[in-house]
Each structure stands twice: as C-alpha cells, then as structure tokens.
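The chain contents come next:
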Amino acid sequence: MTTLLEIEGLQTQFFTSAGVVKAVDGISYTVGAGETVAVVGESGCGKSVSALSILRLVADPPGKIVGGSIRFEGRDLLQLSDEEMRSVRGNDIAMVFQEPMTSLNPVLSIGMQITETLQHHLGMSDEEANARAVELLGMVGISEPQRRLSQYPHHLSGGMRQRVMIAIALACEPKLIIADEPTTALDVTIQAQILELMKNLTRQFGVALIIITHNLGVVARYADRVNVMYAGKIIETGTAADVYHNPRHPYTLALLKSVPRLDLPRQAKLDPVEGQPPDLARLGAGCPFRPRCRYAVARCEQENPALEQIGPQHYSACWEKNSLTSAGKVVS
Amino acid sequence: MSEATVARMSESAPSPRPALQENLIEVKNLKMHFPVTEGIIIPKVVAHVKAVDGISFNIRKGETLGLVGESGCGKTTTGRCILQLEKATAGEILYNGVNLNNLGSKAMVPYRQKIQVIFQDPYSSLNPRMKIGDILSEPMRVHNVIPDRRDRDKRVLELLNVVGLSPRFADRYPHEMSGGQRQRVGIARALAMNPDFIVCDEAVSALDVSIQAQVINLLEDLRDEFGLTYLFIAHDLSVVRHLCHRVAVMYLGKMVELADCDELFDNPMHPYTKALLNAVPIPDPTIESRREHKIIKGEIPSPINPPSGCVFHPRCELAVDGCKKAVPEFRELRPGHWVACTEV
C-alpha cells in the first residue's frame with residue numbers, strides 16, 4: 001500500500017487571552033491509499049483541529065499551525081500557496097462535516113452546491129455538471145435526483161443532507177475524504193445507513209478515509225487503523241484489533257470499559273473515567289492523563305511518555321504499557 | 001459516599017430488579033396534536049402534527065421506565081405532557097390516581113414539586129446570568145418550602161454535595177463549568193424539591209463518554225438513596241438497558257413495544273425494535289465484522305400525514321397488505337411483553 005498522507009509532528013496552537021492552547025501537540029500518522037483510519041477522542045482533545053489543520057482550515061487568528069509537516073502525495077501542504085491549497089481542497093482532499101444542518105448553504109439550491117465544485121475544479125459546463133450531479137445524488141441513494149437539484153437544504157431531512165454532503169465530497173473523485181463526526185447528529189438507524197454508504201463508496205472508488213469520532217463503537221466495523229487522542233496527542237495507535245482487543249494505554253482501556261454494551265451481560269455499576277479532561281492552556285510537565293489514571297506511578301508526574309512501539313503496528317504512550325492488559329494492570 | 005453505595009459497588013451481579021406493583025403514574029390513551037396554521041392575521045388550522053397519538057403505559061413506584069425511539073417519535077412530547085408543560089389534546093395522566101390533565105394551574109402547584117425534570121442540554125437549561133447557588137435556591141424560594149435565606153444556602157451546599165460538586169461552585173456561573181458539571185447542577189436543581197418522580201429527557205446524551213458513565217452512576221445512586229422513580233427518555237439503547245427496569249419503544253407517535261428490560265433486549269419482537277437494536281454499533285471489531293447488519297430502508301415519515309394502518313409499514317420487511325389498512329392492536333404476547341404488530 002502506498003502512503004497517501006504523512007503527518008509528521010503536527011502542532012496547532014491557539015493564541016487566546018487565557019494563554020496558548022496547544023490543541024494539537026506534535027501528532028504523526030500516515031494514511032495509505034484506500035485505507036480507513038479512525039481518530040477517536042473526547043471533546044477538546046484536538047481531533048477536529050488536527051483534521052482542519054490537514055486542509056489548513058484553522059481560523060488564523062487565533063489559531064496557527066506552528067510546526068510539523070503534512071505531506072500529501074509527497075507535497076508538503078503547509079508549504080503551498082493559498083492558490084495551490086484551494087485546488088487541493090475539494091479536489092484531492094474533501095471533507096464531510098458533522099452538522100448537516102449548518103454545513104450546507106441554506107440559500108443555495110442543492111444542485112448549485114454540487115455543481116460549484118465540479119465547475120471550479122474540473123471546468124465542466126453547466127450541462128455536464130448537472131448530469132454529473134444527478135449521477136452523484138443517485139450514487140448516495142437519494143431518490144428522484146433530478147428534482148432534488150432545484151430543492152434547498154431545508155427541504156431535506158438530516159440523513160438526506162448528510163448524503164448530499166457525501167455527494168459533494170465525492171464530486172471530484174478525491175483520493176482522501178476527511179469525515180468529522182459524520183453521523184453524530186443522526187439517529188441510529190440513519191447512522192447505520194450513512195456508515196454503510198461511506199464504506200461501500202470508499203471501497204468502490206478506492207478512496208482513503210479519515211473518520212473522526214468520539215464513539216468507539218462507530219468505527220469498530222470500518223476502521224483499518226485507530227488513533228486514540230488525549231490532550232492534543234496521540235496516546236495509542238494500532239490496528240482496530242490491537243486497540244480494541246489489546247488496549248495498552250489506561251485511557252483507551254478506561255474508554256472501552258466506561259460504555260455499557262449491548263452484547264455483554266449488564267454490569268451492576270459502570271466504571272467511569274473519574275475527573276475531568278485537562279485544560280489545554282495549563283498543561284504542566286508529566287503525562288496529561290495522570291490525574292485521572294488508575295495506574296499512575298511517580299515517573300508519570302515528571303516525564304510525559306512518548307509513543308513507543310509494542311507490536312508490529314501498535315504504539316502506546318505510557319510508562320506502564322508493558323504491565324497493562326485488557327483486564328487492567330498486572331501487578332509484578 | 002453512603003454505605004449503601006459502597007456496598008453496591010462491590011457487587012458484580014446485575015442490579016436487583018425490585019418487583020413493585022403500585023402505580024405512581026398511569027398514562028391512558030394520551031394524544032398530543034399540535035395544530036399547523038396558515039395565515040398571519042387570521043390563522044387557519046390546516047393540519048395537525050400528531051406528535052403523540054394514543055399511547056398508554058404505567059410507571060410503578062421506584063421503577064425506571066425507559067422511553068426510546070428516534071427523533072420525532074414523540075418521546076420528549078410524552079415527557080412534557082406528564083410534566084404538564086404541554087396541555088394534552090386528549091387522554092389522562094394519573095399521578096397517584098389524580099388526573100393532572102384536569103387540574104387548574106393553582107391546583108397543580110403541589111404536584112409540580114413532586115414531579116421534576118432534567119433536560120438534555122446542560123448548556124441551555126441553566127440561566128447564564130444566575131450563579132449556581134441562586135439557580136438551586138430559586139425553586140425553594142418560589143415554592144416557599146424553605147423561607148429562611150440562610151437555611152436555603154445550607155440546603156444548596158447539601159445539594160451540591162449530593163451530586164458530587166464542591167461547595168465553591170455555589171458562587172460560580174454556568175459558563176465557568178464543564179458540560180458534565182453543569183449536568184450535575186441540573187440534577188441538583190431537580191432534587192431541590194425532594195421530588196418523587198423525575199423525567200430525565202436525554203439527560204446524558206450531550207456528555208462525553210467518560211463523563212456520561214459518571215452521571216449514569218450518579219443517577220443510579222440517587223434513585224436508590226431517595227427512592228426516586230424515573231422516566232428515562234433516551235435514544236441510546238445501551239444506556240437504557242443499563243439503567244431501566246422496563247422499556248417502551250415509540251415510533252411516530254405510537255408505542256410499538258413495551259417489556260421488562262431484559263425481555264426486550266433478549267427477545268425483541270417488533271420489527272422496528274429489532275432494527276433499532278441491530279443498528280447499535282458494538283465496540284469490538286471481531287463481533288462487528290461477523291455481525292449481519294440489516295439496515296432498514298427509508299426515513300421516518302412526517303407525523304403530519306402518517307402512513308395509514310401500521311405507521312411502520314413502509315419501512316417494515318414483514319409488512320403484508322393488511323398492515324396498510326388496520327392499525328395493529330397493542331397486545332400482550334407474553335406476560336408483561338406488549339407488542340403492536342400483527343405479524344409476530
């Protein structure tokens with residue numbers, strides 16, 4: 001598998017009155033052609049900012065990408081001019097946002113919003129673009145595509161709007177789609193439809209996919225690799241099987257344990273992660289998860305562990321990673 | 001932490017299911033139709049949104065009844081009708097045998113103390129201009145249950161302690177708190193009047209997973225400590241299974257299935273309940289890749305003009321011709337297991 005996207009030491013910071021918020025603090029990962037990579041974490045862990053950074057969509061000011069490189073097919077996106085970057089967005093890399101209610105323009109027709117990309121990037125004529133738009137809407141499972149072109153977003157339900165977003169993302173046959181919480185605003189039966197649709201379309205066209213989500217369940221079925229983020233850093237990464245069956249970071253372990261599951265007998269009590277996520281403007285030395293960690297040792301207070309290899313594709317950033325099992329910590 | 005809490009944490013078996021028979025709430029043939037109007041100066045009713053269309057159920061004392069369904073199925077409206085925040089179009093809501101729908105606003109006041117609510121969105125359900133202490137003492141002042149100010153302040157600190165917040169939060173404003181902390185304030189506010197019954201309307205949906213588990217545990221502890229009865233409205237089935245004694249499933253204003261929690265999840269009967277359970281993702285790649293996903297087609301129709309007969313028939317794989325005509329009866333197929341489907 002050829003490497004499509006290579007993120008190296010990416011750092012994105014926000015300069016606010018409360019101090020410098022290190023939203024993304026040196027993350028590195030790669031996405032192969034046609035691969036599905038999940039980025040999992042809770043609100044404020046930097047997962048969305050890392051995705052926006054890839055497309056250089058972080059609002060500046062107050063945000064700024066202060067370090068690292070993002071190589072897409074060998075080109076460093078951070079070195080491109082604004083003009084060159086515009087031809088990448090929507091053409092080579094497309095994005096599907098979380099809120100289908102707010103990410104479509106309410107005063108433009110559906111047809112207009114799909115054909116805009118086609119005419120801008122591919123230079124299609126009106127007729128060509130319209131024909132392609134009808135084809136795209138059919139592909140994402142929207143009935144009567146011809147009639148939909150003249151409709152407006154408020155005519156459509158949330159699930160339908162998300163299908164339109166996916167059609168727009170697919171319009172220029174991109175090599176990579178970044179989906180930021182694509183199903184969070186949707187009902188569970190509609191969520192299942194949309195996930196299945198995204199899986200089928202990305203397989204069919206060999207598109208690589210980065211799915212950003214807070215729900216570990218959503219990506220179990222679809223992701224080839226999973227990156228778990230906490231406080232702006234990737235704290236564990238591996239294949240889906242590694243991360244779900246053999247988690248080696250206390251945070252991943254705690255996340256998996258804190259959700260009630262339909263396939264297991266009911267527990268008497270849930271096992272929550274105690275405490276609150278840290279304030280990213282006030283991170284001290286040491287591991288940011290330490291105050292909430294059950295297995296913290298003295299060393300965690302001074303030194304922040306780096307990602308280290310523990311399996312062929314499995315990395316964890318924890319001093320105690322070698323004594324952790326999926327059942328908890330083995331006391332040696 | 002109370003002794004009872006500690007004792008329960010050491011248990012590993014599923015929580016005991018109390019068999020209580022006495023009804024606290026009885027809902028009979030509840031209907032809530034919202035008029036759709038046209039015209040600005042002389043509005044004319046052109047249609048009705050049938051948000052809740054003839055549902056009946058009961059909630060026993062000390063029980064947690066889960067009410068699940070997708071957006072627009074009428075679960076929140078049902079909760080609002082019980083709270084008397086909406087005047088129901090038809091039907092009865094009996095609280096300890098008293099029909100709340102017949103009470104005037106004065107006569108309703110003592111019941112408002114006994115019935116409380118926890119809202120979904122901890123960001124919009126707290127007044128941003130009030131300090132947490134004022135938010136918590138306001139209901140006590142309004143209902144004049146604790147007339148003395150200093151006593152009220154004492155009670156505020158007690159409430160903060162009950163929901164696991166430090167006393168210093170009394171002088172803070174909502175924007176200084178995280179979502180999970182705000183939801184704890186929402187819970188403390190509901191507890192301020194010593195209620196018997198709390199409607200939890202998507203009370204944990206807006207929270208992050210690690211925080212969600214904390215709040216679920218808190219709701220469970222409070223239920224046991226104060227003998228509370230909950231109507232737990234949610235769309236997350238795994239949370240409902242964890243917390244509830246019985247579960248009711250709604251679709252497009254109708255109740256399609258009602259059963260004991262274990263019975264419903266182990267042996268779902270209505271095709272919609274089955275589809276809903278099938279759509280819940282499981283955080284395990286091995287199980288997920290082996291699992292056969294039957295995805296139901298289509299979307300929820302408009303409640304202004306719901307399908308004839310069984311409202312689920314256009315999306316149902318079991319549907320036969322009869323489903324388009326006759327509204328299926330809500331039948332008890334096994335003891336305590338009610339289903340509205342003719343084909344099971």
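On a predicted model such as this, the values are computed, not experimentally measured, just so you know.

What counts, and where the lines are drawn
Residues numbered from 1 in each chain as written. Chains lettered and ligands numbered in written order. Predicted model: local features only at pLDDT ≥ 70, side-chain atom pairs only at ≥ 80, totals over all residues. Helix = DSSP H or I, 4+ residues; strand = E, 2+ residues; numbered from the N terminus. Rg over C-alpha atoms; globule rule 2.2 N^0.38 Å. Buried ≥ 20, exposed ≤ 12 C-beta atoms within 10 Å, placed from the backbone. Contact = placed C-beta atoms within 7 Å. Domains from an automatic or database assignment. Pairing = 2+ DSSP bridges. Nonpolar A, V, L, I, M, F, W, Y, C, P; charged D, E, K, R; others polar. Axes fitted to C-alpha atoms, helices over the stretch in contact; angles between N-to-C directions. Expected span 1.5 Å × (residues − 1). Arc of directions from axis to C-beta.

Asks: Help me understand the overall build of chain B in this model?
Replies: Within chain B, the regular secondary structure consists of 12 helices and 12 strands. A compact globule built from 344 residues should have a C-alpha radius of gyration of about 20 Å, and chain B, at 21 Å, falls within 12% of that. On the principal axes, the C-alpha backbone points of chain B span a range of 70 × 60 × 40 Å. Out of the 344 residues belonging to chain B, those deemed buried represent 43%. Partitioning the contacts of chain B with sequence separation of at least 6, the portion at a separation of at least 24 is 65%.

Asks: What's the story with the domain arrangement of chain A in this structure? I'm lost.
Replies: The extent of an interface is frequently quoted as the accessible surface area lost upon association of the parts. Residues and elements named next belong to chain A. Looking at chain A, the domain boundaries give domain 1 (3-223) and domain 2 (230-329). For domain 1 versus domain 2, the distance between C-alpha centres works out to 28 Å. On the side of domain 2, 14 residues touch domain 1, which itself brings 19 residues to the contact. Counting residues per element, the side of domain 1 that touches domain 2 draws most heavily on strand β2 (residues 19-32), at 10 residues.

Asks: I tried to follow the sheet that holds strand β2 (residues 44-60) of chain B on my own but got confused; where do I start?
Replies: To summarise the sheet geometry, strands pair through backbone hydrogen bonds and adopt either a parallel or an antiparallel arrangement. Residues and elements named next belong to chain B. Strand order in the open sheet formed by 4 strands is β2-β1-β4-β5, with antiparallel pairing between adjacent strands. In this open sheet, the two edge strands, each paired with only one partner strand, are β2 and β5 (98-99). Sheet topology places strand β4 (residues 90-95) next to β5; 2 bridges connect them, and they run antiparallel. Across the sheet, Y95 pairs through a bridge with V98, a residue of β5.

Asks: I keep staring at the interface of chain B and chain A and nothing clicks. Help me out?
Replies: Contact with chain B, which involves 42 residues of that partner, is made by 39 residues of chain A. Those elements giving two or more residues to the side of chain B that touches chain A turn out to be α1 (3-9), α7 (209-226), α8 (237-243), α10 (271-279) and α11 (285-290) of chain B. With 6 residues, the single largest contributor to the side of chain B that touches chain A is α7 of chain B. Here the side of chain B that touches chain A is built from residues that sort into 21 nonpolar, 13 polar and 8 charged.

Asks: Just checking my understanding: could you explain the environment of C341 of chain B for this structure?
Replies: Residue and element names in this part refer to chain B. You can see C341 is positioned in the segment after β12 (337-339). C-beta crowding within 10 Å serves as the criterion here: with 23 such atoms nearby, C341 is assigned to the buried category. In contact with C341, not counting residues within four places along its chain, are M269, H270, P271 and P328.

Asks: Sorry, what's going on with the sheet that holds strand β1 (residues 3-16) of chain A here?
Replies: All names here are of chain A. With antiparallel pairing, 4 strands are arranged side by side in an open sheet as β2-β1-β4-β5. Among the strands making up the open sheet, the edge pair consists of β2 and β5 (75-76). For β1 and β2, the ladder comprises 11 bridges, and the chain directions are antiparallel. Paired with F15 across the bridge in β2 is V20. In the packing of helix α1 (residues 47-54) onto the sheet, contacts are made with β1, β2 and β4 (63-72), and the angle to β2 comes to roughly 65°.

Asks: Looking at this structure, I do not really get unusual backbone geometry. What am I missing?
Replies: Glycine aside, a negative phi is what most residues show, and trans is what most peptide bonds show. Of note, the amide linkage connecting D60 of chain A to P61 of chain A takes the cis form, showing an omega dihedral of -5°. Its place among the elements puts P61 of chain A in the loop between α1 and β4. The peptide bond linking P61 of chain A to P62 of chain A adopts the cis configuration, its omega dihedral lying at 10°. Inspection of the secondary structure puts P62 of chain A in the loop between α1 and β4. Phi is positive for E144 of chain A, close to 45°, though the residue is something other than glycine. If you trace the backbone, E144 of chain A turns up in the loop between α4 (126-139) and α5 (145-148). At Q84 of chain B, a residue that is not glycine, the phi angle is positive and equals roughly 60°. Relative to the elements of secondary structure, Q84 of chain B occurs in the loop between α2 (75-82) and β4. Residue classification places Q84 of chain B among the partly exposed positions, given that 18 C-beta atoms sit within 10 Å.

Asks: Explain helix α5 (residues 149-162) of chain B to me, please; I cannot follow it from the model alone.
Replies: Residues three or four positions apart in an α-helix share a direction because the helix packs 3.6 residues into each turn. Residues and elements named next belong to chain B. Given a rise of 1.5 Å per residue, 14 residues ought to cover 20 Å, and the 20 Å separating the end C-alpha atoms of α5 matches this to within 8%. V156, L159 and L160 are the residues of α5 that are buried. End-on view of α5: buried residues confined to an arc of 100°, all on one side of the axis. Set apart from the buried face of α5 by more than 90 degrees, the exposed residues are R150, K154 and N161. Contacts made by the buried residues of α5 are with α4 (132-142) and α6 (179-191). Remark: G164 follows α5 within two positions and exhibits a positive phi of approximately 80°.

Asks: When you look at helix α10 (residues 250-258) of chain A in this model, what are you seeing that I'm missing?
Replies: Burial within α10 of chain A is extensive, with 8 of its 9 residues counted as buried. Residues of α10 of chain A that are buried: P250, Y251, T252, L253, A254, L255, L256 and S258 of chain A. Its buried side turned inward, α10 of chain A meets α8 (216-220), β9 (225-230), β10 (233-239), α9 (240-245) and β13 (324-325) of chain A together with α7 of chain B.

Asks: So what exactly am I meant to see when it comes to the environment of V320 of chain B here?
Replies: Note that V320 of chain B resides in the loop between α11 and α12 (321-325). For the pair formed by V320 of chain B and T342 of chain B, sequence separation is 22 residues and the distance between their alpha carbons is 9.5 Å.

Asks: I keep staring at the pairing of β9 of chain A and nothing clicks. Help me out?
Replies: All names here are of chain A. Along β9, 6 of the 6 residues are buried, which leaves the element largely enclosed by surrounding structure. Where strand β3 (residues 36-40) meets β9, 4 bridges bridge the pair, whose relative direction is parallel. By the bridge assignment, V40 is partnered in β9 with V228. Sheet topology places β9 next to β10; 6 bridges connect them, and they run antiparallel. Bridge pairing links Y230 to K233 in β10. If you look at the hairpin formed by β9 and β10, you'll find 2 residues sitting between the two strands, and A231 has a positive phi there, around 50°.

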